[in-house]
Amino acid sequence: DAMVIQNPRYQVTQFGKPVTLSCSQTLNHNVMYWYQQKSSQAPKLLFHYYDKDFNNEADTPDNFQSRRPNTSFCFLDIRSPGLGDAAMYLCATSRSNQPQHFGDGTRLSIL
Amino acid sequence: AQSVSQHNHHVILSEAASLELGCNYSYGGTVNLFWYVQYPGQHLQLLLKYFSGDPLVKGIKGFEAEFIKSKFSFNLRKPSVQWSDTAEYFCAVAFNDYKLSFGAGTTVTVRA
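Engineer: What is the right way to look at the overall build of chain B in this model?
Structural biologist: Summing up its helical and strand segments, chain B has zero helices and 12 strands in all. Seen in sequence order, chain B has helices and strands lined up from the N terminus as β-β-β-β-β-β-β-β-β-β-β-β. A compact globule built from 112 residues would reach a C-alpha radius of gyration of about 13 Å, and chain B, at 13 Å, matches this within 12%. Projected onto its principal axes, the C-alpha coordinates of chain B cover approximately 40 × 25 × 20 Å. Counting across all 112 residues of chain B, residues that qualify as buried make up 45%.

Okay, structure coming up:
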């Protein structure tokens, strides 16, 4: 009965090779978020969709983009991954300002 | 600048000991406050939240937290921990909107 589902759990890609991470939800929440979490650090918000409106954090690199084709799905695209992009990527959802529900994350490794 | 700080990076204690994890934030406006827990190999889960009302909030698994506005603090407590409380604990704050800023996390290790 997972409610926020991230695929895959582990992703390995080559330096500079585009990669897409996916997130889906069964909660019908209107807000979806993507966070980057590096080892022993706090999750850092990259961007979020409030309904169809995309909101980018000021310090999110241009290398990172997102798509939300419908309420249930949201994708994180990394156009040219560098070694510094190796991290855990967390997807979360919420109904407006209510508590966020998190997926299990996708651990991205860069070769 | 708005920030969230957690005082302890790693806490080690024995079963039945009491636990208190500190969380402070820097912001003078309206905040919503949260504690999340991440058990090994699992996703972040909400322990408890404070939006308004009674500043002492009770969450799941016997945890509670107290919001002290004058101290900009939202400390997490549990009177008697169990081995299963071994996890990473994150304090998170929504500063006047719905986006969360997280503290760096505290790893809690409970020894049997």
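Engineer: Looking at this model, I keep getting lost on the pattern of salt bridges. Mind explaining?
Structural biologist: It is possible for side chains of opposite charge to pair when their charged atoms get near one another. All names here are of chain B. Evaluated as defined, the whole model comprises eight salt bridges over all chains. The shortest N-O distance in the salt bridge between Lys78 and Asp85 comes to 2.9 Å. You can call Lys78 buried: its relative accessible area is 7%. Here the salt bridges do not stand alone but share partners, grouping Lys58, Glu64, Glu66 and Arg77 into one network.

Engineer: I keep staring at the side chain of Ser24 of chain A and nothing clicks. Help me out?
Structural biologist: Within the secondary structure, Ser24 of chain A is located in strand 3 (residues 19-25). The residues touching Ser24 of chain A, leaving out its near neighbours within four places in the chain, are Met3, Val4, Ile5, Ser72 and Phe73 of chain A.

Engineer: Explanation requested: the interface of chain B and chain A in the structure shown.
Structural biologist: Accessible area lost upon the coming together of the parts is a frequently used measure of interface size. Taken together, the contact between chain B and chain A spans 19 residues of the former and 22 residues of the latter. Of all residues in chain B, Tyr98, Lys99 and Phe102 of chain B give up the largest surface area on contact with chain A, accounting jointly for 36% of the area buried on that side. In this structure, the connection of chain B to chain A is made through one salt bridge. Lys99 of chain B is paired through a salt bridge with Glu57 of chain A; the nearest N and O atoms lie 2.9 Å apart. For the side of chain B that touches chain A, the elements supplying multiple residues, two or more each, are strand 5 (31-38), strand 6 (45-50) and strand 11 (100-102) of chain B. When residues in the side of chain B that touches chain A are grouped by element, the largest group, four residues, is from strand 5 of chain B. Taken together, the residues of the side of chain B that touches chain A break down into 10 nonpolar, seven polar and two charged.

Engineer: Sorry if this is basic, but what is going on with the sheet that holds strand 3 of chain A here?
Structural biologist: Two pairing modes exist for strands in a sheet, parallel and antiparallel, and in both the strands are linked by backbone hydrogen bonds. Residues and elements named next belong to chain A. Taking strand neighbours across the sheet as the criterion, the four strands line up as 1-3-8-7 in an open arrangement whose pairing is antiparallel. Taken across any chain shown, the strands that pair with only one partner, and hence form the sheet edges, are strand 1 (4-7) and strand 7 (64-67). With strand direction ignored, the average angle separating the axes of adjacent strands in the sheet is 20°. With four bridges joining them, strand 1 and strand 3 adopt antiparallel strand pairing. Across the sheet, Ile5 pairs through a bridge with Ser24, a residue of strand 3.

Engineer: Looking at this structure, how should I read the state of the cysteines?
Structural biologist: Each disulfide consists of a covalent bond between the sulfur atoms of two cysteine residues. Residues and elements named next belong to chain A. Tallied over the entire structure, the rule returns two disulfides over all chains. Here Cys23 pairs with Cys91 through a disulfide, and the sulfurs are 2.0 Å apart. Residues Cys23 and Cys91 are joined through a disulfide that is left-handed, its torsion about the S-S bond being -75°. Of the two residues, Cys23 is situated in strand 3 and Cys91 in strand 9 (residues 87-94); the sequence distance between them amounts to 68 residues. Here Cys74 is not disulfide-linked; the sulfur of Cys91 is the nearest cysteine sulfur, at 6.0 Å. A residue is classified by how much of its surface remains accessible, and Cys74, at 1% relative accessible area, is buried.

Engineer: Help me understand empty space enclosed by the protein, please; the structure alone is not making it clear to me.
Structural biologist: Here the idea is plain: a probe the size of a water molecule rolls over the atoms and shows the empty space left. Per the counting criterion, the structure on display carries one cavity of 30 Å³ or more. Size it by volume and the largest cavity reaches roughly 30 Å³. Taken together, the residues of the lining of the largest cavity break down into five nonpolar, three polar and one charged.

Engineer: Even after reading the chapter, I still don't get unusual backbone geometry, so can you show me in this structure?
Structural biologist: Note on backbone geometry: most residues besides glycine have negative phi, and most peptide bonds are trans. The peptide bond linking Asn7 of chain A to Pro8 of chain A adopts the cis configuration, its omega dihedral lying at -10°. Structurally, the position occupied by Pro8 of chain A is in the loop between strand 1 and strand 2 (10-13). You will see that Phe72 of chain B, though not glycine, has its phi angle at about 50°, which is positive. Mapped onto the elements of the fold, Phe72 of chain B is located in the loop between strand 8 (64-68) and strand 9 (73-78).

Cut-offs and rules
Residues numbered from 1 in each chain as written. Chains lettered and ligands numbered in written order. Predicted model: local features only at pLDDT ≥ 70, side-chain atom pairs only at ≥ 80, totals over all residues. Heavy atoms only, no water. Helix = DSSP H or I, 4+ residues; strand = E, 2+ residues; numbered from the N terminus. Rg over C-alpha atoms; globule rule 2.2 N^0.38 Å. Buried < 20%, exposed > 50% of the residue type's maximum accessible area, 1.4 Å probe, protein only. Salt bridge = Lys/Arg side-chain N within 4 Å of Asp/Glu carboxyl O. Contact = heavy atoms within 4.5 Å. Buried area = accessible area lost by both parts, 1.4 Å probe. Nonpolar A, V, L, I, M, F, W, Y, C, P; charged D, E, K, R; others polar. Pairing = 2+ DSSP bridges. Axes fitted to C-alpha atoms, helices over the stretch in contact; angles between N-to-C directions. Disulfide = S-S within 2.5 Å. 1 Å grid on protein atoms, 1.4 Å probe; cavity = no way out; pocket = protein on both sides within 12 Å on 5 of 7 lines; lining within 4 Å. Points joined across faces, edges and corners; volume = space filled by probe spheres on them.

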